[in-house]
Amino acid sequence: MPATWRCGHFLFDFTRRKKPLVMGILNATPDSFSDGGMFRTVADAIAQAELMVKSGVDLIDIGGESTRPGAKPVSLQEELDRVLPVIEALKGYGIPLSIDTYKAETMRQALRSGVDCVNDIWALRQDDAVAAVLESKDCGIVLMHMQRDPLTMQFDPEYQDVIAEVSQFLDERTKLLIQNGISTDRIAIDPGFGFGKSFEHNINMLSHFESFTTLGYPLLAGISRKSMLGKITGKDTHERMAPSVAAAIMAADRGAQIVRVHDVAETVDALKLWEALQD
């Protein structure tokens with residue numbers, strides 16, 4: 001298991017903590033699948049971020065474009081208009097900030113504005129994205145697996161072996177960054193629950209989540225409120241807090257070192273109990 005993760009001005013030392021980092025989701029969008037439109041104004045976003053900080057969040061992931069299944073892309077300027085004021089407002093709070101984007105120019109401007117991490121669903125496969133993160137000496141990088149793109153990713157996704165294929169993809173992407181001079185302690189990986197995976201693929205990945213730890217990077221689990229939980233429980237998106245917290249605990253049991261969640265307070269409390277029971 002990796003000992004540390006460099007995230008801009010912050011260094012997370014996993015040798016001194018047992019429970020995963022809690023990454024709070026802050027969507028400055030009108031159409032995200034769970035909380036779209038709730039934090040569109042800067043004031044609303046600040047209020048939500050303050051709640052997260054009080055609840056014990058470890059870092060906040062700011063997004064300005066929905067990547068739910070079937071989502072349509074937004075323009076660069078629209079994304080920047082959504083996220084940059086939020087970043088400016090929050091960068092003095094003493095908490096690491098992450099930008100959830102695949103656009104190279106958004107990465108650049110967000111990093112210049114003070115974010116500490118780039119979280120990319122495309123794993124830096126879009127034009128100029130690798131060059132954008134190379135401009136930073138220490139930003140954290142989260143590489144996620146996605147089959148196809150948000151518009152088409154849920155149209156009958158297929159794998160011969162989802163664990164092996166996702167692992168191979170993430171291994172190739174991390175090696176590419178290292179070849180470009182990115183230090184290994186800046187990289188984290190995300191298998192991408194719900195991004196080009198069927199219900200069966202998602203369940204298989206969670207059941208065998210520890211398989212991804214063999215790649216040797218901090219492992220992020222992003223399962224919060226996703227459709228796989230709705231299919232199991234029959235609950236609508238806003239009623240999935242309990243299974244989301246349960247999924248975070250299951251991921252922690254299987255080696256997750258970062259959990260990306262909507263329900264920060266509840267997840268933090270559950271992980272405190274989980275931590276107390278660890279050897």
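Note that the structure is predicted; figures quoted are calculated from it, not measured.

Colleague: An account of the overall build of the protein chain is requested, with residue identities and associated values reported.
Modeller: On a plain count of helices and strands, the protein chain comes out with nine helices and 10 strands. The C-alpha atoms of the protein chain give a radius of gyration of 17 Å, which matches the 19 Å a tight globule of 279 residues would have. With respect to the three principal axes, the spread of C-alpha positions in the protein chain is 40 × 40 × 40 Å. Within the protein chain, buried positions represent 56% of all 279 residues.

Colleague: Could you give me a rundown of the side chain of histidine 201, with the residues and numbers involved?
Modeller: Within the element layout of this structure, histidine 201 appears in helix H6 (residues 199–207). Sequence-distant contacts of histidine 201, defined by excluding residues within four places in its chain, comprise Pro157, Glu158, Tyr159 and Val162.

Colleague: Let's hear about the pattern of salt bridges: which residues, and what values?
Modeller: Scanning the model with the defined rule gives 14 salt bridges in all. A salt bridge links arginine 260 to aspartate 100; the nearest nitrogen and oxygen atoms lie 3.1 Å apart. Taken as a pair, arginine 260 in strand S10 (residues 258–261) and aspartate 100 in strand S5 (residues 97–100) lie far apart in primary sequence, 160 residues in all. The pair arginine 260 / aspartate 100 is uniform in exposure class, with both members buried.

Colleague: Can you explain the packing of helix H5 (residues 162–179) against H6? Please cite residues and give values.
Modeller: A packed helix pair is summarised by two numbers, namely the angle formed by the two axes and the spacing between the axes. As a packed pair, H5 and H6 sit with axes 10 Å apart at the nearest point and diverge in direction by 75°. Classified by the interaxial angle, the pair formed by H5 and H6 is roughly perpendicular. Residues Val162, Ile163 and Val166 of H5 pack against His201, Asn204 and Met205 of H6. Partitioning the contact of H5 with H6 into residue classes produces four nonpolar, two polar and no charged.

Colleague: Give a detailed account of the side chain of threonine 267, specifying residues and quantitative values.
Modeller: Assignment of secondary structure puts threonine 267 in helix H9 (residues 264–276). For threonine 267, a relative accessible area of 3% translates into the label buried. At 2.7 Å, the side chain of threonine 267 and the backbone oxygen of aspartate 263 are in polar contact. If sequence neighbours within four positions are ignored, threonine 267 has contacts with Val22, Val245, Ala248, Val259 and Val261.

Colleague: Tell me about the nonpolar core, and please be specific about residues and values.
Modeller: One recurring pattern in soluble globular proteins is that nonpolar side chains are buried together. Counting 66 residues, the largest nonpolar core has Leu26, Ile60, Ile62, Ile87 and Leu124 as the members making the most contacts within it. If you look at the next biggest cluster of nonpolar residues, it comprises 12 residues, including Leu21, Leu59, Cys117 and Val142.

Colleague: Explain the sheet that holds strand S3 (residues 21–27) residue by residue, including any values.
Modeller: Within the open sheet, the eight strands sit side by side as S8-S7-S6-S5-S4-S3-S10-S9. Their pairing is parallel. A single partner strand is all that each edge strand has here, and the edge strands are strand S8 (187–190) and strand S9 (220–221). Relative to strand S4 (residues 59–63), S3 runs parallel, the two sharing five bridges. Bridging across to S4, isoleucine 25 finds its partner in aspartate 61.

Colleague: Describe the packing of helix H2 (residues 76–90) against helix H3 (residues 104–113), listing the residues and the values that go with them.
Modeller: In the contact formed by H2 and H3, the axes pass within 10 Å of each other and the chain directions differ by 15°. It follows from the interaxial angle that H2 and H3 lie roughly parallel. The crossing of H2 and H3 is right-handed. Between H2, through Leu76, Glu79, Leu80, Val83, Leu84, Ile87 and Glu88, and H3, the contact on the second element is made entirely by Glu105, Thr106, Gln109, Ala110 and Ser113. Of the residues that constitute the contact of H2 with H3, the class distribution is six nonpolar, three polar and three charged.

Colleague: Help me get a handle on H3, residues and values and all.
Modeller: Where burial is concerned, most of H3 is hidden: seven out of the 10 residues are buried. The set of residues buried in H3 consists of Ala104, Thr106, Met107, Arg108, Ala110, Leu111 and Ser113. At the C-terminal side of H3, glycine 114 shows a positive phi close to 120°.

Colleague: Give me the lowdown on the state of the cysteines, citing residues and values where you can.
Modeller: By the definition in use, this model includes zero disulfides. Not part of a disulfide, cysteine 117 finds its nearest cysteine sulfur in cysteine 7, a span of 4.5 Å. Sulfur of cysteine 139: no disulfide; nearest cysteine sulfur belongs to cysteine 117 and is 7.1 Å away.

What counts, and at which threshold
- Residues numbered from 1 in each chain as written.
- Predicted model: local features only at pLDDT ≥ 70, side-chain atom pairs only at ≥ 80, totals over all residues.
- Heavy atoms only, no water.
- Helix = DSSP H or I, 4+ residues; strand = E, 2+ residues; numbered from the N terminus.
- Rg over C-alpha atoms; globule rule 2.2 N^0.38 Å.
- Buried < 20%, exposed > 50% of the residue type's maximum accessible area, 1.4 Å probe, protein only.
- Contact = heavy atoms within 4.5 Å.
- Salt bridge = Lys/Arg side-chain N within 4 Å of Asp/Glu carboxyl O.
- Axes fitted to C-alpha atoms, helices over the stretch in contact; angles between N-to-C directions.
- Parallel < 35°, antiparallel > 145°, perpendicular 65-115°, else oblique.
- Nonpolar A, V, L, I, M, F, W, Y, C, P; charged D, E, K, R; others polar.
- Polar contact = N/O pair within 3.5 Å; in protein donor to acceptor, adjacent residues only side chain to side chain.
- Core = buried A, V, L, I, M, F, W, Y, C linked by side-chain atoms within 4.5 Å.
- Pairing = 2+ DSSP bridges.
- Left-handed = near helix turned anticlockwise from the far one by under 90°.
- Disulfide = S-S within 2.5 Å.

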